[in-house]
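# Descriptive analysis of the structure
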Amino acid sequence: MDSSIEKRVAELKAKIKSFPDFPKEGILFWDIFSAISDGHTCKLLQGLLVDVIKEKFPDVEAIVGVESRGFLFSFSLSAELGVGCLPVRKKGKLPGEVISHKYELEYGSDILEVQKNAIRPGLKCLIIDDLMATGGSIKAATTLLKKCGADVVGCLVVIELMSLNGRKNNPDVTVHSLITYD
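Residues numbered from 1 in each chain as written. Predicted model: local features only at pLDDT ≥ 70, side-chain atom pairs only at ≥ 80, totals over all residues. Heavy atoms only, no water.

### Overview of the nonpolar core
What counts is decided by this rule: Within this scheme, the nonpolar core is defined by two criteria: the residues are buried Ala, Val, Leu, Ile, Met, Phe, Trp, Tyr or Cys, and they are joined through side-chain atoms within 4.5 Å. Categorising residues by exposure relies on relative accessible area from a 1.4 Å probe, with only protein chains included: less than 20% of the type maximum marks a residue as buried, more than 50% marks it as exposed, and the intermediate range marks it as partly exposed. Numbering of helices and strands runs from the N terminus, with a helix taken as a DSSP run of H or I at least four residues long and a strand as a DSSP run of E at least two residues long. Contacts are assigned to residue pairs with any non-hydrogen atoms lying within 4.5 Å of each other.
Ranked by size, the top nonpolar core spans 32 residues in total, and within it L12, I16, L45, L49, V158 and L178 carry the most contacts. Elements supplying a minimum of two residues to this core: helix 1 (3-15), helix 2 (39-56), helix 3 (70-81), strand 7 (124-132), strand 8 (151-161) and strand 9 (175-181). Sorting elements by how many residues they give to this core places helix 2 first, with seven residues. In contact with L178, other than residues within four places in its own chain, are V9, L12, L45, L48, L49, V52, V157 and V158. Residues L86, A141, L144 and V175 belong to the second largest nonpolar core, which totals 26 residues.

What follows is the structure, encoded as structure tokens:
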């Protein structure tokens with residue numbers, strides 16, 4: 001990583017706060033909202049994400065935001081890069097024909113869905129989210145996209161919790177994270 005990116009990542013990391021025992025006891029919640037509460041940091045994070053996408057995933061055709069914090073980034077990145085924007089949502093939130101996938105979280109389970117007609121075969125998709133812990137939602141999103149015939153070129157997350165082995169749980173996708181915590 002070049003020194004310009006490293007300096008911006010360090011600035012971003014200094015603004016991220018953590019909250020113990022949220023959403024339940026024993027979970028340490030890393031809060032992206034604490035970092036993007038001012039315009040300067042929003043612009044800094046947007047620039048970092050764009051730079052990483054251009055460098056690591058130059059052929060991307062659609063940015064896929066995973067509910068709900070992935071939505072924070074997917075539209076603005078898609079608009080800036082001139083590519084499509086696709087949502088992966090929780091069950092029952094999307095109209096039309098959907099494909100579903102149940103997955104496990106570190107504190108429960110959930111179901112994600114994607115609109116089947118929004119994805120053409122071979123569409124080069126980049127999954128984006130704020131945080132990867134166990135990697136369950138990334139794996140579910142990858143599974144959904146592949147069921148629709150998409151080519152998942154990778155996953156970009158702002159924060160990765162290394163001790164929860166999200167990368168190991170996603171061996172079929174290239175993961176890039178801006179910030180890691182043990």
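### Notes on the environment of F75
Tracing the chain through its elements places F75 in helix 3. Its relative accessible area of 59% is what places F75 among the exposed residues.

### Things to note about the pattern of salt bridges
Rule in force here: The working definition used for a salt bridge is a side-chain nitrogen of Lys or Arg within 4 Å of a carboxyl oxygen of Asp or Glu.
Under the criterion given, the structure shown has nine salt bridges. The salt bridge involving K56 is made with E55; its shortest N-O contact spans 3.7 Å. In this structure K56 comes out as partly exposed when scored by relative accessible area, which is 42%. With relative accessibility at 52%, the residue E55 sits in the exposed group. E97 is the salt-bridge partner of K116, the closest N and O atoms lying 3.8 Å from each other. Residue K116 is located in the loop between strand 6 (108-115) and strand 7, and its partner E97 is located in the loop between strand 4 (84-90) and strand 5 (98-105); the two are separated by 19 residues in the primary sequence. Note on K116: relative accessible area 38%, which makes it partly exposed.

### Observations regarding the sheet that holds strand 8
As a general point, the strands of a sheet are linked pairwise by backbone hydrogen bonds and lie either parallel or antiparallel. Worth spelling out the cut-off: Only strands joined by at least two bridges in the DSSP assignment are considered to pair. To obtain each axis, a line is fitted to C-alpha atoms, and for helices this fit is confined to the stretch in contact; angles are then taken between N-to-C directions over 0 to 180 degrees.
Judged by pairing direction, the sheet is mixed, and its seven strands sit side by side in the order 5-6-4-3-7-8-9 without closing on themselves. Strand pairing shows two members of the sheet lacking a second neighbour, strand 5 and strand 9, which therefore form its edges. Geometrically, the sheet is characterised by an average inter-axis angle of 20 degrees between neighbouring strands, direction not taken into account. One ladder, built from six bridges, connects strand 8 with strand 9; its direction is parallel. Residue I159 lies in a different strand from strand 9, and its bridge partner there is I179. The strands that helix 1 touches are strand 8 and strand 9; relative to strand 9, the one it contacts most, it runs at about 55 degrees. Sitting on the sheet, helix 3 is in contact with strand 3 (62-66), strand 4, strand 7 and strand 8, with an inclination near 170 degrees to strand 3.

Just distances and angles here, no functional claims.
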